[in-house]
Amino acid sequence: MTTEGPALLDGLRAVLAANDVITDPDLVETHRHDRAPGLGAGHPLAVVRPRTTGQVAAVVRLAVEHGVPIVPRGAGSGLSGGSNAVEGALSVVLDRMDAIVEIDPVDGVAVVQPGVLNGRLRAAAREHGLWYAPDPASSEFCSIGGNVATNAGGLCCVKYGVTRDCVLALEVVLPDGSVTRLGHRSIKGVAGYDLTGLFVGSEGTLGLITEATVRLLPLPAPARTVVGVLPSLEAASAAVGTIVTAMRPSLLELLDRTTMRVVEEYRPLGLDTGAAALLIGQTDQPGEAGREEAVLLERAMREAGATEVVSSSDPAESELLLAARRLAYPAYERLGRLFLEDVAVPRGRLGELIARVEALSADGLTIGTFGHAGDGNLHPTVVARAGDEGALAAASAAFEAIMDAALELGGTVTGEHGVGLLKRGGLARELDAANRRLQRDIKRALDPRGLFNPGKALAAEPPRPRAPRP
């Protein structure tokens, strides 16, 4: 424990309930990592669980006074190491701030605290005939605060956009302990710089989000789902191009042969593992418009050479048809050390990206691709055999090569998971020198001591020490 530790802990216990300041090593250990395997994490001085914005502000002021870094954490479902602990820091866990403050059907908004789970908000909105669109695969156990911090995406982004497109306003505790409100509850609002957009996706490096006002949409019609079995990845890419030119599907997902095989071994669904790709499309247009779009999906897949096309408008059957996509990540997780990408490229370069990924296969590695074909955001997944150091090195090299391929194709190293620790190197390659300087200038302006989530994203510099007391 640092020399500042005992005094800081005493101060924290004065502003928080006794069981909201956690120092037991076994309990602290459970908060050191998110779900990204193999990334480094320090040992925090304590885990704190504030319950109000006022308590969050008090925690921040105490941490700044003692020069102790702060690592924000939501549900711990991240996949980039963004909430991994820093040595001697405070892990500020916001899961106990989990109130749905308001749902307003007239304004079409929900006001929520950061610990509210995505799936819980969606269920609450449904009771009012409304819908919260962002739907990460982890929606049942990821939090809105974490979604906002990483600008999370999901299956429906192709039509409805990512989290940033749904956030109207934020309440934020800044690195000096002051509290501010950003954005507007109104649908329109262009006064001043877009600071709300700046904080969405900032990964806790600029402040702590304590409340979000998010846009709700009318509940869409039950989806019509079309699944096509394609003989080649080129055929799948051609079908994607035809579909997105003709319509805006509410979902358009792709699984390659490797992913189908891995899913089928994990949970048999009757997938054709001899096929090159599975393409899953949905439309949530009501009535005749939905039927016409389903026909468009079927036609595009057949014209691309699909050997089989299955369609359903029944919600239960649609969920079954989507099961393979939802099982992809857990199916890969059990195979060894996982290197999960979330690169994105222009949709017209999708086939090139997939071909570049396939060319990286090597002995000891499993490399497969699944993801959001409709918006060009794919999850090439590299799995190294457990305990095989050579395979681990090869997997790490393949992971970096995939990011480079995405950049060369005009894309980005992360479409929805964030940078965290995992993609620091890739981000440095993506941004030019002026861009990096601008982002670091913003960081220094808001967090001059560098105490908020140090070492993540572009926060390359270590926290600056507190000036000696007179």
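Just above, that's the structure.
So, how was this worked out
Residues numbered from 1 in each chain as written. Predicted model: local features only at pLDDT ≥ 70, side-chain atom pairs only at ≥ 80, totals over all residues. Heavy atoms only, no water. Phe/Tyr/Trp six-rings, centres within 6.5 Å; stacked < 30°, edge-to-face > 60°. Helix = DSSP H or I, 4+ residues; strand = E, 2+ residues; numbered from the N terminus. Buried < 20%, exposed > 50% of the residue type's maximum accessible area, 1.4 Å probe, protein only. Axes fitted to C-alpha atoms, helices over the stretch in contact; angles between N-to-C directions. Parallel < 35°, antiparallel > 145°, perpendicular 65-115°, else oblique. Left-handed = near helix turned anticlockwise from the far one by under 90°. Contact = heavy atoms within 4.5 Å. Nonpolar A, V, L, I, M, F, W, Y, C, P; charged D, E, K, R; others polar. Expected span 1.5 Å × (residues − 1). Arc of directions from axis to C-beta. Pairing = 2+ DSSP bridges. Polar contact = N/O pair within 3.5 Å; in protein donor to acceptor, adjacent residues only side chain to side chain. Salt bridge = Lys/Arg side-chain N within 4 Å of Asp/Glu carboxyl O.

So, on to the packing of aromatic side chains. Under the defined criterion, the tally for this structure stands at 3 aromatic pairs. Consider the rings of tryptophan 131 and tyrosine 160, whose centres lie 4.7 Å apart with planes at 80 degrees: the pair is edge-to-face. One end of the pair, tryptophan 131, is in strand S7 (residues 130-131); the other, tyrosine 160, is in helix H6 (residues 157-160), and 29 residues separate them in sequence. With centroids separated by 6.1 Å and ring planes inclined at 55 degrees, the aromatic side chains of phenylalanine 339 and phenylalanine 399 adopt a geometry described as tilted. You can see phenylalanine 339 sitting in strand S16 (residues 337-340) and its partner phenylalanine 399 sitting in helix H14 (residues 389-408), a full 60 residues away along the chain. Under the relative-accessibility criterion, phenylalanine 399 is labelled buried at 3%.

Let's shift gears to the packing of helix H13 (residues 350-358) against H14. Helix-helix packing is described using two parameters, namely the angle between the two axes and the distance between the axes. Relative orientation of the contacting elements H13 and H14 amounts to 155 degrees, with a least axis distance of 10 Å. By the angle between their directions, the pair H13 and H14 is classed as roughly antiparallel. Both H13 and H14 take part in a crossing whose hand is right-handed. Counting all contacts with H13, which are made through Leu353, Arg356 and Val357, the residues of H14 involved are Ile402, Ala405, Ala406 and Glu408. For the contact of H13 with H14, a count of residues per class yields 5 nonpolar, no polar and 2 charged.

In this section: H14. Along its 20 residues, H14 runs 29 Å from first to last C-alpha, staying within 8% of the 28 Å computed at 1.5 Å per residue. Of the residues making up H14, those classed as buried are Ala391, Leu392, Ala395, Ala398, Phe399, Ile402, Met403, Ala405 and Ala406. For H14, the angular spread of the buried residues around the axis is 160 degrees, confining them to a single face. In H14, the exposed positions that point more than 90 degrees away from the buried face belong to Glu389, Gly390 and Glu408. Buried residues belonging to H14 abut S16, H13, strand S17 (365-372), strand S18 (377-384) and helix H15 (424-430). Trailing H14 by a residue or two, glycine 410 shows a phi angle of about 85 degrees, which is positive.

Turning our attention to the sheet that holds strand S12 (residues 224-230). Strand order in the open sheet formed by 7 strands is S15-S12-S14-S13-S17-S18-S16, with antiparallel pairing between adjacent strands. Edge positions in the sheet fall to strand S15 (308-312) and S16, since each has one partner strand and no second. Averaged over all adjacent pairs, the angle separating strand axes in this sheet is 15 degrees, with direction ignored. Sheet topology note: the S12/S15 ladder contains 5 bridges and is antiparallel. Looking across to S15, one finds that valine 229 is bridged to glutamate 308. Strands S12, strand S13 (251-256) and strand S14 (277-283) of the sheet are contacted by helix H8 (residues 233-246), whose axis makes an angle of about 15 degrees with S14. Sitting on the sheet, H14 touches S16, S17 and S18, and the angle it makes with S18 is about 165 degrees.

Structurally, histidine 379 is set in strand S18. Assessed through its relative accessible area of 3%, histidine 379 is described here as buried. Side chain to side chain, histidine 379 and glutamate 416 meet in a polar contact 2.9 Å long. With residues up to four places along the chain from it excluded, the contact list for histidine 379 reads Arg325, Leu340, Glu341, Asp342, Gly368, Thr369, Phe370, Gly371, His372, Glu416 and His417.

Pairing between side chains of opposite charge can happen when the charged atoms of each approach one another. Scanning all chains against the criterion turns up 24 salt bridges. When the shortest N-O distance is used, the salt bridge between aspartate 107 and arginine 185 registers 3.1 Å. Note that aspartate 107 is positioned in the loop between strand S5 (100-104) and strand S6 (109-112) and arginine 185 in the loop between strand S9 (179-183) and helix H7 (195-199), a separation of 78 residues in sequence. By relative accessible area, aspartate 107 is classed as partly exposed at 37%. Judged by its relative accessible area of 32%, arginine 185 falls in the partly exposed class. Between aspartate 447 and lysine 443 there is a salt bridge, with the nearest N and O atoms lying 2.7 Å from each other.

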